[in-house]
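Each chain, letter by letter, is given below.
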Amino acid sequence: MSKSKVKMEDIVSLCKRRGFIYQGSEVYGGLSGTWDYGPLGVALKRNIINFWWKTFVEDRDDMYGVDAAILMNQKVWQASGHVDTFTDPLVECNECGAKHRVDQLGIDEEIFSKTLNAYNNKLKILIKDFTHKIREEKEKNRKFLNLDTSLLEQGILDKNAINIIKEFSENIPEDTASYINLERLSIRIREMRLELIKAKSLEGPIVKEFLQLTNITCPTCKSNNWLTPRKFNMMFKTNVGPVADENSVSYLRPETAQGIFTNYKNVVDSFYPDVPFGIGQIGKAFRNEISPRDFVFRSREFEQMEIEYFIHPDSWEKMFDGWVKGIRMFLKELGLPEDSVHELEVEEADRAHYSKRTIDFEFDFPHKRDELLGLAYRTDFDLGNIQRVSGKNMEYRPKDGSEPFVPHVIEPSFGVERMIVAVLTSAYTEDEINGEKRTYLKLPAHLAPVKVAVSPLLKNKPELVAKAQEVYKMLKKEYGNVMYDDNGNIGKRYRRQDEIGTPYCITIDFDTLEDNTVTIRDRDTAEQKRISAIKIKGTIS
RNA sequence: GCGGGUGUCGUAUAACGGCUAAUAUGCCUGCCUUCCAAGCAGGCGAUGAGAGUUCGAUUCUCUCCACCCGCACCA
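Residues numbered from 1 in each chain as written. Chains lettered and ligands numbered in written order. Predicted model: local features only at pLDDT ≥ 70, side-chain atom pairs only at ≥ 80, totals over all residues. Heavy atoms only, no water.

Some words on the overall build of chain A
Looking only at helices and strands, chain A has 18 helices and 21 strands in total. Looking at chain A as a whole, 48% of its 541 residues qualify as buried. Put simply, of all contacts in chain A between residues at least 6 apart along the chain, 67% involve residues at least 24 apart. Element-wise, carbon and sulfur atoms account for 48% of the exposed surface of chain A, whose accessible area totals about 27,900 Å². (Helix = DSSP H or I, 4+ residues; strand = E, 2+ residues; numbered from the N terminus. Buried < 20%, exposed > 50% of the residue type's maximum accessible area, 1.4 Å probe, protein only. Contact = heavy atoms within 4.5 Å. Areas by Shrake-Rupley, 256 points an atom, 1.4 Å probe, with all protein chains shown as cover.)

Put into C-alpha cells, the structure is as follows:
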C-alpha cells in the first residue's frame, strides 16, 4: 500500500508554526479529536469550500444549495438507520483488551437464534412457575408486597395473577421464606427479560456466554475470554429543551446528507426542477470516534461537502459515470497529483446494504493510502425511508405526465479536512535555491491563503515604503488576501511567503520610482519578471 | 479501546535530584541592508495537568490529558 513521502509531523509542525491548524483547547491540554483553524488555515479551508461550492453548485444549472440545522428531529436518525447502525455492539477481550464489533466475529446466526429461543422458553417456564406460586400463596392466604409491578404492566403475568397481586400488595407483608423466594424469582424474571432484549441487539451477558460456549476467539490474540458486550453509539447525544427525557433526545448530526433528504420535498415544491437535479450542502458533522487519528484526517468534529443528486432509476449508470468525471476534474484543480489518487470499486460485501455501487476515491496520505471521498449510488433508500416513517409522499411527478417515481440518488460526499490534508500533502515541497534548502507549499494559486505579498526592497527608505504601501492598498482592494511584508530582508520575506504558499511576491525597488515598474516573483521557480505596476492585475491569475 | 513511544520557549533540539534550564531558528524594538533566510545591539518566550516521594522534582513514582506508531474501529 502506497503512501506519501511527506511526513505528517512536518505538516503538523508547519501548520502550527505558520498559523494553519492548532490543537483544539490547547491551553487546557487539548481535547482529543478536535482541531482549531488559525488565520491561514481558515483562509485555505474557505478557499477549498468556496471552490467546491462554485464548481458543483453555483456554476451549474441543475444544482440547489441548502444549509440545514445540525440538530434534527430524532425520527430522522431512526428513519435513516443511524440509531441502529451507529450503535455498534462492541466486546472487549479480557486477555488483550482489544475491542471488536460483535457482529464481525463470525457468529453463526442460526445457532444464535436457537440459543435465544431456548432462553426464551426457559423464561416462559419461570413465568409460569411464578404465576403458579402466587396462586398457591393466595390459597394459603399469605400476603406479600413489593413484587415487581413492572412485570404486570408489561403483560408478562396473566390477568389472574395481576388481580391477585393487586389485591395483596396494599396489605402488610408477612416475612416468610416463600415470599422472599417469590421476590427473588420476580427479579430474576425481570433480569432475564432485559438480557433477552439486549441479546437481540448483540449485547449483554447472554451474548458473552454465547461467545464463550461457541468458542469464538479474539482476532487479535486468539483467546476466548470476553467481557460483556455493550453498545457504543457514535452519535453525540443531547437533549433539546429544558427537560431531559426520551422525547427531548436529539443528536448532533453524524452526516449532513439527511439535512438534504429532509428538504428534498421543500426544494421540489419551491422550484420544481427537472430530474436530474441535485442539492448540495456544506456543514459540520459529529462522530464520537473510538480513536480519532492522523491529525485532522479523522476527528470527532468535521465538515462535509455533500450532494444528493436525484435521478430517474433508469439512468443511474450514466449519471454515476458523469460524477466520476466531475470529481476527477475537481481533484485535479486542487493540485492533487493524478498518481496519488486511486479509485477503488467497493465490493458488494463491503459497501452499505442499500448501495448498488460505491467508489472510494483514495489518496496517498502521509499516514497511509486512505479514503478521501466517496461516491455512492444509494438507490431510493433514503427517500423511501422518509416516505415510510413520515407518511409523506416523496414521489416526483414528471412534467411530461409520465409515471411518477421516487427519485434515486447518487451521493458524492467530500470531507473538508481530508481535502485539506491532501492539498497540503500535495503542496508540501522541498528543494534548493542557490544551494540552500527551502520548504514551500506549491498550492494552486486559487487556494493560497495569501495570493500576493507586497514588499519594499528596503524598509528604511521612505519613498520605497510609500510606493509599496500604495501598490499594497491597490491590490488589497482588488483581491483581499494580500499581505504587506517588510520583515528582515527581501530573501527572508520570499522564504516566509514560500512556506505559506503565496504564489506571487511583488517588490518595489528604486526603478519603480522612476518608471513605475515592479518585480513579480514566482514562488515555484523563484524567477522574477519586471512588469508595469498597472499591469499587475492582469499578470496574476 | 489495547499495546508501545513521546511530551522542555512559536518551531526544532540540549541538559540537570539543587546555582539564572541551554542552543538554533522564529518573534518584538532599533540600526543596517539595492533581490533569495547577510550583519550588529537589545528584548520576549518553555519543563502538558495534578498528586506523591524528597530539605528541594522539569528530572524519580502514580493518576489524568494530549499527540505519534502498531492493532482494532471507521459514511
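Right, picking up where we left off after that structure.
Some points on the state of the cysteines
In this structure the tally under the stated criterion is zero disulfides. Of the cysteine sulfurs around cysteine 505, a residue in no disulfide, the closest is that of cysteine 15, at 20 Å. The exposure class assigned to cysteine 505 is buried, which follows from its relative accessible area of 4%. (Disulfide = S-S within 2.5 Å.)

Focus on the protein's contact with RNA strand B
Around RNA strand B, 50 residues are found, and the nearest of them are Arg101, Arg298, Glu371, Asn489 and Ala526. If you look at RNA strand B and keep only atoms within 4 Å of the protein, 53% of those are sugar or phosphate atoms. Between a sugar or linking oxygen of RNA strand B and a side-chain N or O atom of serine 13, the distance comes to 3.1 Å. Within the contact set of RNA strand B, a base nitrogen lies 3.4 Å away from a side-chain nitrogen or oxygen of glutamine 304. Mapped onto the surface near RNA strand B, the elements with two or more residues apiece are helix H1 (8–17), strand E5 (99–101), helix H16 (490–499) and strand E20 (517–522). (Near = heavy atom within 4 Å. Polar contact = N/O pair within 3.5 Å; in protein donor to acceptor, adjacent residues only side chain to side chain.)

Details of the packing of aromatic side chains
Using the criterion set out here, one finds 24 aromatic pairs in the structure. On the numbers, 6.3 Å between centres and 85 degrees between planes, the contact of tryptophan 316 with phenylalanine 320 is edge-to-face. With tryptophan 316 and phenylalanine 320 both in helix H12 (residues 316–333) and four residues apart, the pair spans about one turn of that helix. Comparing tryptophan 316 with phenylalanine 320, the two get one shared label, buried. (Phe/Tyr/Trp six-rings, centres within 6.5 Å; stacked < 30°, edge-to-face > 60°.)

Considerations on unusual backbone geometry
Between valine 275 and proline 276 the backbone carries a cis peptide bond, its omega angle lying at 5 degrees. Here proline 276 lies in the loop between helix H11 (264–271) and strand E9 (277–286). The phi angle at asparagine 434 is positive, at roughly 50 degrees, despite the residue not being glycine. Its location among the elements puts asparagine 434 in the loop between strand E15 (428–433) and strand E16 (436–441).

Observations regarding the packing of helix H2 (residues 39–58) against H12
Contact geometry for H2 and H12: axes closest at 11 Å, N-to-C directions at 150 degrees. The angle between H2 and H12 falls in the class roughly antiparallel. As H2 packs across H12, the resulting crossing turns out to be right-handed. On the side of H2, the interface is formed by Phe51, Trp52, Thr55 and Phe56, while H12 contributes Trp323, Gly326, Phe330 and Glu333. Grouping the constituent residues of the contact of H2 with H12 by class yields five nonpolar, two polar and one charged. (Axes fitted to C-alpha atoms, helices over the stretch in contact; angles between N-to-C directions. Parallel < 35°, antiparallel > 145°, perpendicular 65-115°, else oblique. Left-handed = near helix turned anticlockwise from the far one by under 90°. Nonpolar A, V, L, I, M, F, W, Y, C, P; charged D, E, K, R; others polar.)

With respect to the sheet that holds E9
Pairing is mixed across the open sheet formed by seven strands, whose spatial order is E3-E9-E10-E14-E13-E12-E11. Lying at the two open borders of the sheet, with one neighbouring strand each, are strand E3 (63–65) and strand E11 (341–345). Mean inter-strand twist for the sheet, computed between neighbouring axes without regard to direction, equals 20 degrees. Relative to E9, E3 is paired through three bridges, and the arrangement is parallel. Counted as the bridge partner of methionine 63 is glycine 278 from E9. Sheet contacts for H2: E3, E9, strand E10 (301–311) and strand E14 (408–415); angle to E10, the most-contacted strand, approximately 5 degrees. (Pairing = 2+ DSSP bridges.)

Some thoughts on the nonpolar core
Ranked by internal contacts, the top residues of the largest apolar core, which has 60 residues, are Leu331 and Met419. Those elements that provide at least two residues to this core are H1, H2, E10, H12, strand E12 (357–364), strand E13 (369–379), E14 and helix H14 (416–427). Residues within four places of methionine 419 in sequence aside, it is in contact with Ile48, Met305, Phe330, Leu331, Leu334, Leu372, Leu373 and Phe414. Among the nonpolar cores identified, the runner-up in size contains 21 residues, and Leu116, Met192, Leu202 and Cys218 belong to it. (Core = buried A, V, L, I, M, F, W, Y, C linked by side-chain atoms within 4.5 Å.)

What about the layout of surface pockets?
There is about 290 Å³ of room inside the second largest pocket. Along the wall of the second largest pocket there are 14 residues; nearest its centre are Val76, Thr262, Ile386, Ser390 and Met394. Counting only elements with at least two residues in the lining of the second largest pocket, the list comes to helix H3 (74–79), helix H10 (257–261) and helix H13 (381–390). The dominant element in the lining of the second largest pocket, judged by the number of residues it contributes, is H13, at four residues. (1 Å grid on protein atoms, 1.4 Å probe; cavity = no way out; pocket = protein on both sides within 12 Å on 5 of 7 lines; lining within 4 Å. Points joined across faces, edges and corners; volume = space filled by probe spheres on them.)

Topic: the pairing of E16
Examined bridge by bridge, E15 and E16 share six bridges and lie antiparallel to one another. In the strand pairing of E16, isoleucine 433 is matched with glutamate 436. A loop of two residues connects E15 with E16, the two strands running antiparallel in sequence, and asparagine 434 in this loop sits at a positive phi of about 50 degrees.

Remarks on the pattern of salt bridges
According to the stated counting rule, one finds 24 salt bridges in the structure shown. Measuring nitrogen to oxygen at the nearest pair gives 2.7 Å for the salt bridge that ties arginine 18 to glutamate 499. With arginine 18 in the loop between H1 and strand E1 (21–23) and glutamate 499 in helix H16, this pair connects stretches of sequence that are 481 residues apart. Taking relative accessible area as the criterion, arginine 18 reaches 27% and is therefore assigned partly exposed. Judged by its relative accessible area of 10%, glutamate 499 is buried. Linking arginine 328 and glutamate 343 is a salt bridge whose minimum nitrogen-to-oxygen distance equals 2.6 Å. On the criterion of sequence distance, the pair formed by arginine 328 in helix H12 and glutamate 343 in strand E11 is long-range, its members being 15 residues apart. The class of arginine 328 is partly exposed, set by a relative accessible area of 43%. (Salt bridge = Lys/Arg side-chain N within 4 Å of Asp/Glu carboxyl O.)

Brief notes about the pairing of strand E21 (residues 528–532)
As paired strands, E20 and E21 are joined by five bridges and run antiparallel to one another. Bridge pairing in E21 links isoleucine 520 to lysine 529. The hairpin turn running from E20 into E21, its antiparallel successor, is five residues long, and alanine 526 in that turn takes a positive phi close to 65 degrees.

Some details on the side chain of aspartate 62
Along the chain, the position of aspartate 62 falls in the loop between H2 and E3. A polar atom in the side chain of aspartate 62 sits 2.9 Å from the side chain of arginine 60.

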